[in-house]
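So you can see what is in the structure, the chains are spelled out below.
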Amino acid sequence: MRFLTSITLAALSGLAAAASQQSADVFILDSKQQQEQSSREVPRLPKEVVRHILLQRASRDNYGSDLRDIPSSIDTEAAISFIAKYGKSPSPLFTQTETNDPSQLVVILEGVTAENAGPLRDSLAKSSQHATFAISDPPSKVANDRLMSLFQNLGIATPEQCDLASAINPVNGDCWTGSSSVVKYDIQKSPEALDTLVDNLNRLNKFISSGDLEAVLVLMPESSRSSKLNHWSVKAATGSSSDLRRRFNSETVIVDDSVRGANAAVAPTQPPLSRPTNSHLQTAAKKAIPQCFTSEKSCVDQTGNCSGHGTCVDKWGGKNGSTEAGGASCFVCKCLATMDSRPGAPGKAYKTVHWGGNMCQKEDVSMQFWLIAGSTIALVGAIAFAIGLLFDVGQEKMPGVLGAGVVRGSSTK
């Protein structure tokens, strides 16, 4: 009887612990996920897979991992499919676009309960934004602090926490040091953070709809604060600071010169490449160029007047580039074509040069590339057709009339 009682108490305590451990809802706010969201059941992912999704979205270089920390409860191919589905879209390899990739924002909210998160969930539901997936085993606050330390070591998160209204603005240079940012707030200590997020949700959706920002909201329940799971990934924490830092130090990543300065702290072993002599480009290499400038003067000063190959315009302004009254400003470089003069004959233009890049610092050679590639393909096709035609003619049998006039020499003797 005593044995049955102990088993019953253990089972009840296990059920109580399972009931108290709530899952953490994750909202991915971007155009792709909003189109795919429906009334389907929200998938539940282990914390190790979610860690890779957050790192892939926040990484400023091409992200890759051997996924050795994936638990046995999920198949590796399934984990890869989840990372590809919920991660950011990869940049095309051979196609150059004039628009920049959207900035990536990760907001981690701790101490979320059904009561304090009600207004936020209602506001998201009005915008047809529902939970994308859930973390089946959310870790503790200690694990979240360790994850933020990892982002700080990678240069993605800043030690000084910005207020939430400024953190969701990718134009704000005080809170953003590059193309991605990760912030964390404790609702129990800062309850005004939820109200600020609800009040600025329309402003956040404006950045998302314009293609300038993609955001991830991680709602960590209050029940996970004292969880015994003190690591997002135990296997990744057993080594040094991170397998990401070892990979970034060993690999050579091809990045834009203007972004290399922001990643210099991540890859100190890479030798610096030769820089242009233009002083503005050298200054830009030390600091990442934001995707938006708050004023035309800051755009001109930090880009060297678009490297002399363009002009600063407000892409959110009117038809003539003027800023709308009361609206936010987003000044970017609009690249123009320039005319090169023939050496020895100044003033006589002989070549039109097109420019690209966020500072108009890169020469656009796509036209020359497609001209050479098209001519090469056409020439190879013509040669192959000619060889095939000659081969077909050589395979035809000779007509029999050619042997009719041949007389054997023995018949005349």
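Because the structure is a prediction, the values reported are computed rather than measured.

### Observations concerning the overall build of the protein chain
Then step 1. Secondary structure summary: the protein chain contains 15 helices and twelve strands in total.
Then step 2. The buried share of the protein chain, taken over its 413 residues, is 38%.
Then step 3. Within the protein chain, contacts between residues at least 6 apart in sequence are counted, and of these 73% link residues at least 24 apart.
Then step 4. By element, 57% of the accessible surface of the protein chain is carried by carbon and sulfur atoms, the whole surface being about 24,100 Å².

### As for the pairing of strand E5 (residues 180–186)
Then step 1. Of all seven residues making up E5, seven are buried, and the element is well covered by its neighbours.
Then step 2. Inspection of the sheet shows strand E3 (residues 103–112) paired to E5 by seven bridges, in the parallel sense. Across the sheet, residue Ile108 finds its bridge partner in E5, namely Lys184.

### Considering the sheet that holds strand E1 (residues 24–29)
Then step 1. Strand order in the open sheet formed by six strands is E2-E4-E1-E6-E3-E5, and the pairing between neighbours is mixed. The sheet is open, and its two edges are formed by strand E2 (44–45) and E5, each paired on a single side.
Then step 2. With three bridges connecting them, E1 and strand E4 (residues 133–135) associate as antiparallel partners. Its bridge partner lying in E4, Ala24 is registered against Ile135.
Then step 3. Relative to the sheet, helix H9 (residues 201–209) contacts E1 and strand E6 (213–221), its axis offset from that of E6 by approximately 135 degrees.

### Digging into helix H14 (residues 296–307)
Then step 1. For H14, spanning twelve residues, the distance from its first C-alpha to its last is only 14 Å, which falls clearly below the expected 16 Å at 1.5 Å a residue.
Then step 2. Those residues of H14 that fall on the buried side of the exposure criterion are Ser298, Cys299, Thr303, Gly304, Cys306 and Ser307.
Then step 3. Trailing H14 by a residue or two, Gly308 shows a phi angle of about 75 degrees, which is positive.

### A few points about the state of the cysteines
Each disulfide consists of one covalent bond between the sulfur atoms belonging to two cysteines.
Then step 1. On inspection of all chains with the given rule, the structure shows five disulfides.
Then step 2. Residue Cys162 pairs covalently with Cys175 via a disulfide, S to S 2.3 Å. Its torsion about the S-S bond being -115 degrees, the disulfide of Cys162 and Cys175 is classed as left-handed. Note that Cys162 is positioned in the loop between helix H6 (141–153) and helix H7 (164–167) and Cys175 in the loop between H7 and E5, a separation of 13 residues in sequence. The same class applies to Cys162 as to Cys175, namely buried.
Then step 3. One disulfide bridge connects Cys299 with Cys312, the sulfur atoms lying 2.2 Å from each other. Between Cys299 and Cys312, the disulfide has an S-S torsion of -80 degrees and is therefore left-handed. Separated by 13 residues along the polypeptide, Cys299 in helix H14 and Cys312 in strand E7 (residues 310–314) bring together distant segments of the chain. Of the two residues examined, Cys299 and Cys312, each falls in the buried class.
Then step 4. Among the cysteines of the protein chain that take part in disulfides, numbered as they appear in the sequence, the pairing is 1-2, 3-7, 4-6, 5-8, 9-10.

### A few points about the pattern of salt bridges
Then step 1. Counted by the stated rule, this structure contains 14 salt bridges.
Then step 2. A salt bridge links Glu110 to Lys184; its shortest N-O distance comes to 3.5 Å. Remark: Lys184 occurs in strand E5 and Glu110 occurs in strand E3; sequence separation between them is 74 residues.
Then step 3. The salt bridge partner of Asp145 is Lys184, with a shortest N-O separation of 3.1 Å. Of the two residues, Asp145 sits in helix H6 while Lys184 sits in strand E5, which places them 39 residues apart along the sequence.
Then step 4. Taking the relative accessible area as the measure of exposure, Asp145 reaches 30% and is therefore partly exposed.

### Here's the deal with unusual backbone geometry
Then step 1. Positive phi is not limited to glycine here, since Asn305 has a value of about 55 degrees.
Then step 2. Among the secondary structure elements, Asn305 is positioned in helix H14.
Then step 3. You will see that Cys360, though not glycine, has its phi angle at about 55 degrees, which is positive.
Then step 4. By the element assignment, Cys360 lies in the loop between strand E11 (355–356) and strand E12 (362–363).
Then step 5. Residue Cys360 is classed as buried on the basis of its relative accessible area of 0%.

What counts as what
- Residues numbered from 1 in each chain as written.
- Predicted model: local features only at pLDDT ≥ 70, side-chain atom pairs only at ≥ 80, totals over all residues.
- Heavy atoms only, no water.
- Helix = DSSP H or I, 4+ residues; strand = E, 2+ residues; numbered from the N terminus.
- Buried < 20%, exposed > 50% of the residue type's maximum accessible area, 1.4 Å probe, protein only.
- Contact = heavy atoms within 4.5 Å.
- Areas by Shrake-Rupley, 256 points an atom, 1.4 Å probe, with all protein chains shown as cover.
- Pairing = 2+ DSSP bridges.
- Axes fitted to C-alpha atoms, helices over the stretch in contact; angles between N-to-C directions.
- Expected span 1.5 Å × (residues − 1).
- Disulfide = S-S within 2.5 Å.
- Salt bridge = Lys/Arg side-chain N within 4 Å of Asp/Glu carboxyl O.

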